[in-house]
Amino acid sequence: MSLLKDTRALMRRDQVFDFMLPPPDFEQPVDLSHGPILYLEDVSVSFDGFRALNRLNLAVDAGELRCIIGPNGAGKTTMMDAITGKTRADEGQIYFGQRIDLQKLSEYQIARGGIGRKFQKPTVFEALGVFENLELSLASDKSTWASLGFRLRPDQRDRMDEVLQLIGLGTQRDRQAGTLSHGQKQWLEIGMLLMQNPMVLLVDEPVAGMTAEETERTAELLTSLAGRHTVIVVEHDMAFVRSIARRVTVLHQGSVLAEGSMDRVSSDPRVIEVYLGEET
Amino acid sequence: MLTRLLLSDRGGLIILALLTALIIYVPIGNLLLPADSPLHVSTFTVTLLGKFLCFALLALAIDLIWGYAGILSLGHGAFFGLGGYVMGMYLTRQIGDRGVYGHPELPDFMVFMNYDSLPWYWQGFDQFWFALLMVMLVPGLLALVFGWMAFRSRVSGVYFAIITQALVFALMLAFFRNEMGFGGNNGLTDFKDILGFDITARQTRVTLFVISGVCLIGAYLMCRFIITSRFGRVLVAIRDAESRTRFAGYQVESYKLWLFVFSAMLAGIAGALYVPQVGIINPGEFSPIASIEAVLWVAVGGRGSLFGAIIGAFSVNGAKTWFTTVYPEVWLFALGTLFVLVTLFLPRGIAGIFRTLGQWTSRKPKGDEQ
Ligand SMILES: Nc1ncnc2c1ncn2[C@@H]1O[C@H](COP(=O)(O)OP(=O)(O)OP(=O)(O)O)[C@@H](O)[C@H]1O
Ligand SMILES: [Mg+2]
């Protein structure tokens, strides 16, 4: 089966042969020489015949802050699932940089390789403390053996304190994560992402359930991250998107409907029809 | 390091102190005090307590995976039984030519079944060190293969519990067959001595009891070490949010697998200590009910608290001993009632009561080790 695939790949002229490529090596910096850090081509995902993603194309440049919007069920979360290895695409290609084929990797490898993700429903380790949540996420050797003898280094401890301040939980470090408010959990999860020090952050609905003030601080945080990290934000809150967005992609029924600046996108009649129309 | 393990764990400290006291007192009470002294400990009691220690070790193994990683195994009797059979094979070889048929090498049941020579898988078991190695390797290897297949296909929760039941059930059926070469229905019994010591002698009984106790304490400390390390926090993370743990960069399957293998080895050791004390191993140890009962000990004692598992094993088995001598017909009803009551009123088991009391007295908001 895989022999057949390899033989087929030989016939293609538009790409380098798979088997000639070096295996993904995350020790090497991700190859960005030819453009995007994240590249999806004709990605389709079906659930029992229903196409949640339908030949989706997306390219995100390194350091970009990209907002993804779209009505309920447009496939935004499914797109993140496909990138992070949670669901496998039926067809299409998903590349990290030039060379790393994400579809060949499993979730933990993708996470270790530099793609972090925040879930739509804030998910933290409820039984553990705030500090322990961050400690678990910290970029380090995460093999079983290393975990048995793991000790925090002073510089790692400093980094954790720094992140605690950044996410506004500096005074709550020993609190059990399950007792935090909804907004605080959202932040803790973003903090956990930061501890992983990923190149790409996929953030699914970060301000759901936050107060106006919290939303504003989140917007500041995310914009400050762009540049050093690539940030992809899925959000329903239009005011929030407007406040942070430089480039917006609109998804609809599993494919890209429009892409461009917020102003351009929001004046696109097709977008107004499927999405923005409902809001106003 | 030892102090760090112990200090953070008040309940465990008390249990360890009690166990140590037991290990010191029982040999004195049995061997030194005269039989008519009120403080004398009968040999029957020594063996009974020794059995409880083995059960406590099994409960500890189950609690480690169920309480901390959320892996419910209803088939830990498989590993317990295998460890027991390995020890049984060693003890059987020790019988030598003292069997009923007096064959120099073959155990009685093999002579009876007209075996010409010892099957290959019985080789080596006349060596104690080899048997000890196998006590851990056989259950460990089964757990490795079984766990690898189950975790890799992401079988979890109830489905995992069901296939572990299937596993012990299959083992039970297999070991019932005479052709397996493990004595079939009757299992292995009529042991004479262990390492040259008469297995029924008081001194041997007391020694086995002490070794069981020391093993239990050692295993407890190892489990504490695991759960207080980052490994333990990863386990809790897996239990509560498996997907999140993956996206934090942990290979969930390998954490589950190694923990499962470790737990199976502990269960194997428990079985191996159990067999010389009770003097028999038969396929009954693989009965699915026995494995479920062991999970009940943990539930009663308090899932997710290691010392609770030990309390559970002692109290349920203590009750069982009392009931089966006084009102044998009521025991199963009592067990069922106990389980219902615990589930309804004590979701965190007996250890949960201590924890609540401890929180009342010290007024500490946290202190929960989970
Ligand atoms: N595991 C699944 N099984 C079946 N259908 C699914 C599954 N996951 C998603 N879907 C379907 O795929 C479609 C896209 O879902 P997705 O969660 O990606 O939408 P979304 O754009 O994130 O929506 P929302 O704004 O509500 O979060 C929906 O119709 C959903 O019902
Ligand atoms: Mg979604």
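Every value quoted in this text rests on a predicted model; they were computed, and no experiment measured them.

Asks: Looking at this structure, I do not really get the overall build of chain B. What am I missing?
Replies: Broken down by element type, chain B carries 15 helices and four strands. With the principal axes as the frame, chain B shows a C-alpha extent of 65 × 55 × 45 Å. The buried share among the 370 residues of chain B stands at 52%. Taking all contacts inside chain B whose residues are at least 6 apart in sequence as the whole, residues at least 24 apart take part in 77%. Counting every atom, chain B has about 16300 Å² of accessible surface; 70% of that belongs to carbon and sulfur. The distance from the centre of the 25 positive side-chain charges to the centre of the 20 negative ones in chain B is 16 Å.

Asks: Where do I start with the sheet that holds strand E1 (residues 38-47) of chain A in this structure?
Replies: Hydrogen bonds along the backbone pair up the strands of a sheet, which may run parallel or antiparallel. All names here are of chain A. Within the open sheet, the four strands sit side by side as E2-E1-E4-E5. Their pairing is antiparallel. In this open sheet, the two strands that pair with only one neighbour each are strand E2 (50-60) and strand E5 (100-101). For strand E4 (residues 91-96) and E5, the ladder comprises two bridges, and the chain directions are antiparallel. In the sheet register, Phe96 faces E5, and the bridge partner there is Ile100.

Asks: Explanation requested: the sheet that holds strand E8 (residues 230-234) of chain A in the structure shown.
Replies: Residues and elements named next belong to chain A. Taken in spatial order, the six strands make up an open sheet running E6-E7-E8-E3-E9-E10, and their pairing is mixed. With one partner strand each, in any of the chains shown, strand E6 (115-118) and strand E10 (255-260) form the two edges of the open sheet. Mean inter-strand twist for the sheet, computed between neighbouring axes without regard to direction, equals 20 degrees. The pairing of strand E3 (residues 65-69) with E8 spans four bridges and is classified as parallel. Of the residues in E8, the one forming a bridge with Ile68 is Val234. In the packing of helix H8 (residues 212-225) onto the sheet, the strands contacted are E3, strand E7 (200-204) and E8, and the crossing angle to E8 comes to about 145 degrees.

Asks: What am I meant to see in the coordination of the magnesium ion (ligand 2) here?
Replies: Reference values for angles at a metal are 109.5 degrees in the four-donor tetrahedral case and 90 or 180 degrees in the six-donor octahedral case. All names here are of chain A. Distances from the magnesium ion (ligand 2) to its protein donors, Thr77 (OG1) and Gln120 (OE1), fall within 1.9 to 2.1 Å. Taken as a pair, Thr77 in helix H2 (residues 76-84) and Gln120 in the loop between E6 and helix H4 (130-137) lie far apart in primary sequence, 43 residues in all. Accessibility expressed as a relative area gives 26% for Thr77, which makes it partly exposed.

Asks: Teacher, can you tell me more about the packing of helix H6 (residues 154-166) of chain A against helix H7 (residues 182-196) of chain A here?
Replies: To characterise two packed helices, one gives the angle between the axes of the helices and the distance between these axes. Residue and element names in this part refer to chain A. Two elements in contact, H6 and H7, have axes whose closest approach is 10 Å; the angle formed by their N-to-C orientations is 145 degrees. Judged by the sense of rotation from one axis to the other, the crossing of H6 with H7 is right-handed. The segment H6 lies against H7, with Arg159, Met160, Val163 and Leu166 engaging Gly191, Leu194 and Met195. In the contact of H6 with H7, the residues fall into five nonpolar, one polar and one charged.

Asks: Sorry, what's going on with the site of ligand 1 here?
Replies: Residue and element names in this part refer to chain A. Close to ligand 1 lie 13 residues, the nearest being Asn72, Lys76, Thr77, Thr78 and His236. Within the side chain of Thr78, an N or O atom sits 2.5 Å from an oxygen atom of ligand 1. Relative to its free-state accessible area of 640 Å², ligand 1 is covered by the protein chains to the extent of 63%. Every element with two or more residues in the shell around ligand 1 is listed here: E2 and H2.

What counts and what doesn't
- Residues numbered from 1 in each chain as written.
- Chains lettered and ligands numbered in written order.
- Predicted model: local features only at pLDDT ≥ 70, side-chain atom pairs only at ≥ 80, totals over all residues.
- Heavy atoms only, no water.
- Helix = DSSP H or I, 4+ residues; strand = E, 2+ residues; numbered from the N terminus.
- Buried < 20%, exposed > 50% of the residue type's maximum accessible area, 1.4 Å probe, protein only.
- Contact = heavy atoms within 4.5 Å.
- Areas by Shrake-Rupley, 256 points an atom, 1.4 Å probe, with all protein chains shown as cover.
- Lys, Arg positive; Asp, Glu negative; His and termini not counted.
- Charge placed at Lys NZ, Arg CZ, Asp CG, Glu CD.
- Pairing = 2+ DSSP bridges.
- Axes fitted to C-alpha atoms, helices over the stretch in contact; angles between N-to-C directions.
- Donors = N, O, S within 2.8 Å, 3.2 Å for Na, K, Ca; no water.
- Left-handed = near helix turned anticlockwise from the far one by under 90°.
- Nonpolar A, V, L, I, M, F, W, Y, C, P; charged D, E, K, R; others polar.
- Near = heavy atom within 4 Å.
- Polar contact = N/O pair within 3.5 Å; in protein donor to acceptor, adjacent residues only side chain to side chain.

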